[in-house]
Amino acid sequence: MERTVTISGKDVVLKASVFAAVLYRDNFCLGKGQKGDLLGDASLLQSVAFEVNKMKPGTVKDSLTAYLSNIARRILWSLARAADESIPPFTSWARQASEKELGAAVPVMTELI
């Protein structure tokens, strides 16, 4: 399944596939001291984000929001790279994407997964 979102002023196709899960695992989990997978982290993102939104602003909320934003960036990159191999490496791509655009893309990402 594919959907198109706008990131960095460009239309970006997101593709939910086994390859996206493999990209996520290979780039963000294996050999980096991290456990997890795309579906598990997406589930975590959804459940924790709901609770974080209920919190009052402050250090804990800000830290959790930054952590969840990083997970969302990783998942979005994996879905985009699965659809288009010309998508830049994660670090370059993540620097280009604005928080507002990523926030708008998260519901689309959630629908795909």
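See the structure shown above.
Owing to the predicted nature of the structure, the values given are computational and were not obtained by experimental measurement.

What counts and what doesn't
Residues numbered from 1 in each chain as written. Predicted model: local features only at pLDDT ≥ 70, side-chain atom pairs only at ≥ 80, totals over all residues. Heavy atoms only, no water. Buried < 20%, exposed > 50% of the residue type's maximum accessible area, 1.4 Å probe, protein only. Helix = DSSP H or I, 4+ residues; strand = E, 2+ residues; numbered from the N terminus. Arc of directions from axis to C-beta. Contact = heavy atoms within 4.5 Å. Phe/Tyr/Trp six-rings, centres within 6.5 Å; stacked < 30°, edge-to-face > 60°. Core = buried A, V, L, I, M, F, W, Y, C linked by side-chain atoms within 4.5 Å. Axes fitted to C-alpha atoms, helices over the stretch in contact; angles between N-to-C directions. Left-handed = near helix turned anticlockwise from the far one by under 90°. Nonpolar A, V, L, I, M, F, W, Y, C, P; charged D, E, K, R; others polar. Salt bridge = Lys/Arg side-chain N within 4 Å of Asp/Glu carboxyl O.

**Overview of helix α1 (residues 18–28)**
Phase 1: Within α1, burial applies to A20, L23, Y24 and F28. One face of α1 carries all of its buried residues, which in axial projection span an arc of 100°.
Phase 2: Buried residues along α1 sit against β2 (10–15), α2 (38–54), α3 (59–83) and α4 (90–96).

**A closer look at the environment of A97**
Phase 1: By the element assignment, A97 lies in the loop between α4 and α5 (99–112).
Phase 2: Once the C-alpha coordinates of A97 and D26 are considered, the two residues, 71 residues apart in sequence, prove to be 22 Å apart.
Phase 3: A97 has contacts with I7, S8, R73 and L102, leaving out every residue within four places of it along the chain.

**Observations concerning the packing of aromatic side chains**
The geometry of an aromatic ring pair is captured by the separation of the ring centres together with the interplanar angle, meaning the angle of the planes.
Phase 1: Tallied over the full model, the rule gives four aromatic pairs.
Phase 2: Aromatic pair F28 and F90: ring centres 4.9 Å apart, planes at 75°, arrangement edge-to-face. A residue pair is termed long-range when its members are at least 10 positions apart, and F28 in helix α1 and F90 in helix α4 qualify at 62 residues.
Phase 3: What makes F28 buried here is its relative accessible area of 6%.
Phase 4: By relative accessible area, which is 17% here, F90 ends up buried.
Phase 5: Here a set of aromatic residues connected by ring pairs shows up, and it is made of Y24, F28, W77 and F90.

**Notes on the nonpolar core**
Phase 1: By size, the foremost hydrophobic cluster in this structure holds 32 residues, and its most contacted members are L14, I75 and W93.
Phase 2: Contributing elements (two or more residues each) for this core: β1 (2–7), β2, α1, α2, α3, α4 and α5.
Phase 3: Not counting the four nearest positions on each side in its chain, I75 is found in contact with Y24, L38, D41, A42, M109 and I113.

**Observations regarding the packing of α2 against α3**
Phase 1: Between α2 and α3, the least distance of the axes is 10 Å, while the angle of their chain directions is 145°. Of the two elements, α2 crosses α3, and the hand of that crossing is left-handed. Here L38, D41, A42, L44, L45, V48, A49, V52 and N53 of α2 lie close against α3, whose contacting residues are K61, L64, T65, Y67, L68, I71, A72, I75 and S78.
Phase 2: Class assignment of the residues belonging to the contact of α2 with α3 gives a composition of 13 nonpolar, three polar and two charged.

**Here we look at the pattern of salt bridges**
Two side chains with opposite charge may pair up if their charged atoms get near one another.
Phase 1: In total, this model carries four salt bridges according to the counting rule given.
Phase 2: Its salt-bridge partner being R3, residue E111 comes within 2.4 Å of it at the nearest N-O pair. Taken together, the residues span a long stretch of sequence, with E111 in helix α5 and R3 in strand β1 at a distance of 108 residues.
Phase 3: For E111, a relative accessible area of 52% gives the class exposed.
Phase 4: The partly exposed category is assigned to R3, whose relative accessible area is 32%.
Phase 5: For R73, the salt bridge goes to E99, with nearest N and O atoms at 2.4 Å. Separated by 26 residues along the polypeptide, R73 in helix α3 and E99 in helix α5 bring together distant segments of the chain.

Shape descriptors only; they carry no functional weight alone.
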